[in-house]
Amino acid sequence: MKITFQGATQTVTGSQHMLEVNDKKILLDCGLFQGKRKESYERNRSELCNGETIDCLVLSHAHIDHSGRIPCLVKNGFNGDIFCTSATRDLCAVMLMDSAFIQEKDVEFVNRRRQKKGQRLFEPLYTKADAAKAMKQFVGLSYNRSHQLFPGIHLTLVDAGHMLGSAHVILDIEDQESGRKRRLVFSGDIGRADIPIIRDPVPLTDGTDILIMESTYGNRLHPAYPESEKELERIINETASRGGSLLIPAFAVGRTQQLVYALHKLCNDGRIPDLPIFVDSPLASRTTEIFRLHPDIYDDEIREFLLSDDDNNPFGFSRLQYTQTVEQSKALNSAKFPAVIISASGMMEGGRILHHLRNRIEDPRNTILITGWQAPNTLGRRLVEKETTVRIFGEEYQVRAKLEILTGFSGHADRNGLIDFVRVMKKKPEQTFIIHGEYESSESLSMALHEELGIENVIIPEPLQSFNV
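Rules and cut-offs
- Residues numbered from 1 in each chain as written.
- Predicted model: local features only at pLDDT ≥ 70, side-chain atom pairs only at ≥ 80, totals over all residues.
- Heavy atoms only, no water.
- Pairing = 2+ DSSP bridges.
- Helix = DSSP H or I, 4+ residues; strand = E, 2+ residues; numbered from the N terminus.
- Axes fitted to C-alpha atoms, helices over the stretch in contact; angles between N-to-C directions.
- Contact = heavy atoms within 4.5 Å.
- Core = buried A, V, L, I, M, F, W, Y, C linked by side-chain atoms within 4.5 Å.
- Buried < 20%, exposed > 50% of the residue type's maximum accessible area, 1.4 Å probe, protein only.
- Salt bridge = Lys/Arg side-chain N within 4 Å of Asp/Glu carboxyl O.
- Expected span 1.5 Å × (residues − 1).
- Phe/Tyr/Trp six-rings, centres within 6.5 Å; stacked < 30°, edge-to-face > 60°.

Asker: What am I meant to see in the sheet that holds strand β6 (residues 138-141) here?
Answerer: Either a parallel or an antiparallel arrangement is found when strands of a sheet pair, and the pairing is made through backbone hydrogen bonds. One open sheet holds the seven strands; their spatial order is β6-β5-β4-β3-β2-β1-β22, and the pairing between them is mixed. Each edge of the open sheet carries a strand with a single partner, namely β6 and β22 (466-468). When strand polarity is set aside, the average angle formed by the axes of neighbouring strands in this sheet is 20°. Where strand β1 (residues 2-7) and strand β2 (residues 16-21) come together, five bridges link them in antiparallel fashion. By the bridge assignment for β2, Ile 3 is matched with Leu 19. The strands that helix α4 (residues 86-116) touches are β5 (81-85) and β6; relative to β5, the one it contacts most, it runs at about 115°.

See below:
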């Protein structure tokens, strides 16, 4: 059995790992690299998008850094099945189409400039037609049901508690080469216990022989979720008292729905002023509708909320407006009243949030609230690193708005949660590969697994490094 780590090695984005066993090639995730634009563009177009030799793909969840290169893979010859949960399939149907739309528009913009200079024109990584074609290959599976991928290779998806439809991937393999029965677990993104909307991650108490696990917050702890709700309340009240607006760059899937639910409760309890709240992201609006279609994945807290709330909708209430059109979005930029605006993208590398930032970042009455991890070389990371001047649409702006950071809304397990993910396993892994984290986070988690749990043979792979296991 051979594993090649093709992405998300010593970084967080571009999740992609190739398993070769019993003369089959099984790809685990197929995500976009995100970060410095030129580097990301080149890496996303690399030969790793060649799909002709791949037999099937198993997708842990729908976030673009895990799913975003699937249409490219199909475009380049992959015609096998794509296995995931039904909720992940539904989310990918809108997210991959949105990603294709962005790719087409970005290339169209760049090509107008290149054409004037007589330079070679670019092509998008993939188109909306490619995304639509890829969706035909998705196969939705239920949690906790064993499915035979090939003779001697069985797949089970277990609720990872990270976002709607997210899964731990379990592969039970009868390895023809070694004659051994072995279990491989790919963690996907490991969720947090005790946060609202989706259920807690399911512990993998049986354990595994081989473990591939994420390490996004391998060296950090999150505050308790109730503390984050209180902090959100404080930030809104302080911003409103200054007569400013609160801008929240948020990922359209997962984080936006968490924030909307938290704001709904704060409004119901009278803990924040009577000010309008906008979700200015067409993708967030569409994916929120998919959340409504899967109440079977909700946790007990939101079920009680559904029963007790007259609106009977955790993602919609009287003060909340979902903007749809470009005109509605532009109107927010000329608004003179305090408001809360949630808009994509979460790392501020594109989308409508850039227009809101351009109009409000130089006003000290306003607040920018960052609620998620920011990749290196993104506008979000530059703000986190407290740069005083940033470029938006090629123009420089002074950062005068107040910056706040809340990690308590993260859907990722923190250091303790990651350690506990392995701690509960009765059979500890013989080989553990730490991926999906910056090197400092991966190294910290690797040391903790060894020192606290006595786990041996913990490896942080290099990019494109292969291992026989």
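After that view of the structure, there is still more to cover.
Asker: What is the right way to read the sheet that holds strand β21 (residues 458-459) from this model?
Answerer: Taken in spatial order, the seven strands of this open sheet run β7-β8-β9-β10-β11-β20-β21, and their pairing is mixed. The open sheet has two free edges, formed respectively by β7 (147-150) and β21, since each of these has just one partner strand. Pairing geometry for strand β20 (residues 431-435) and β21, over two bridges, is parallel. Residue pairing in the sheet places Phe 433 in a bridge with Ile 459 of β21. Here helix α13 (residues 415-423) sits on the sheet and contacts β9 (167-175) and β11 (210-214); the angle it forms with β11, its principal contact strand, is near 165°.

Asker: Any chance you could explain the nonpolar core here in plain terms?
Answerer: Soluble globular proteins tend to pack their nonpolar side chains together in the buried interior. Leu 57, Ile 70, Leu 96, Phe 138, Leu 232, Val 340 and Ile 342 are the most contacted members of the largest nonpolar core, which totals 68 residues. Ignoring any residue separated from it by four or fewer positions in sequence, one finds Leu 232 in contact with Leu 246, Ala 262, Leu 263, Leu 266, Leu 369, Leu 406 and Phe 409.

Asker: Would you mind going over the pattern of salt bridges with me for this structure?
Answerer: Any two side chains of opposite charge can pair, on the condition that their charged atoms come close. Enumeration according to the criterion identifies 27 salt bridges in this entry. A salt bridge links Asp 172 to Arg 183; its shortest N-O distance comes to 2.7 Å. Of this pair, Asp 172 sits in strand β9 while Arg 183 sits in strand β10 (residues 180-186); the two residues are 11 residues apart in sequence, bridging distant segments of the chain. The exposure class assigned to Asp 172 is partly exposed, which follows from its relative accessible area of 26%. Overall, Arg 183 belongs to the partly exposed group, its relative accessible area being 22%. Notably, a salt bridge pairs Asp 420 with Arg 423, separated by 2.9 Å at the nearest N-O pair. In this pair, Asp 420 and Arg 423 both sit in helix α13, three residues apart, roughly one turn of the helix. Residue class for Arg 423 comes out partly exposed when judged on its relative accessible area of 39%. One network of salt bridges, in which partners are shared, links Arg 180, Arg 182, Asp 209, Lys 427 and Glu 430.

Asker: Teacher, can you tell me more about helix α14 (residues 439-453) here?
Answerer: Quick reminder: α-helices carry 3.6 residues per turn. Residues three or four places apart thus point the same way. Spanning 15 residues, α14 covers 20 Å between terminal C-alpha atoms, matching the ideal 21 Å at 1.5 Å per step. Those residues of α14 that fall on the buried side of the exposure criterion are Ser 441, Ser 442, Ser 444, Leu 445, Ser 446, Ala 448, Leu 449 and Leu 453. Elements in contact with the buried residues of α14: β11, α13, β20 and β21. Just downstream of α14 lies Gly 454, where phi reads positive at about 70°.

Asker: Before we go on, may I ask you to explain the environment of Leu 141 in this structure?
Answerer: As for its placement among the helices and strands, Leu 141 is situated in strand β6. Given the relative accessible area of 14%, Leu 141 is considered buried. Note: C-alpha distance between Leu 141 and Ala 87 (54 residues apart in sequence) is 9.1 Å. Setting aside anything within four residues of it in sequence, one finds Leu 141 in contact with Phe 83, Cys 84, Thr 85, Ser 86, His 147, Leu 155 and Leu 157.

Asker: Any chance you could explain the packing of aromatic side chains here in plain terms?
Answerer: Each aromatic ring pair is described using two quantities: the centre-to-centre distance and the angle formed by the ring planes. Following the criterion strictly, the structure yields four aromatic pairs and no others. Plain terms: the ring middles of Phe 5 and Phe 433 are 5.1 Å apart, the flat faces sit at 45° to each other, and that makes the pair tilted. Placement of the pair is Phe 5 in strand β1 and Phe 433 in strand β20, with a sequence separation of 428 residues. Judged on exposure class, the residue Phe 5 and its partner Phe 433 are both buried. Seen in terms of ring centroids, Phe 5 and Phe 467 are 6.0 Å apart; in terms of plane orientation they differ by 70°. Their pairing is edge-to-face. Linking Phe 5 in strand β1 with Phe 467 in strand β22, this pair joins segments that are 462 residues apart in sequence. As far as burial versus exposure is concerned, Phe 5 and Phe 467 are alike and both buried.

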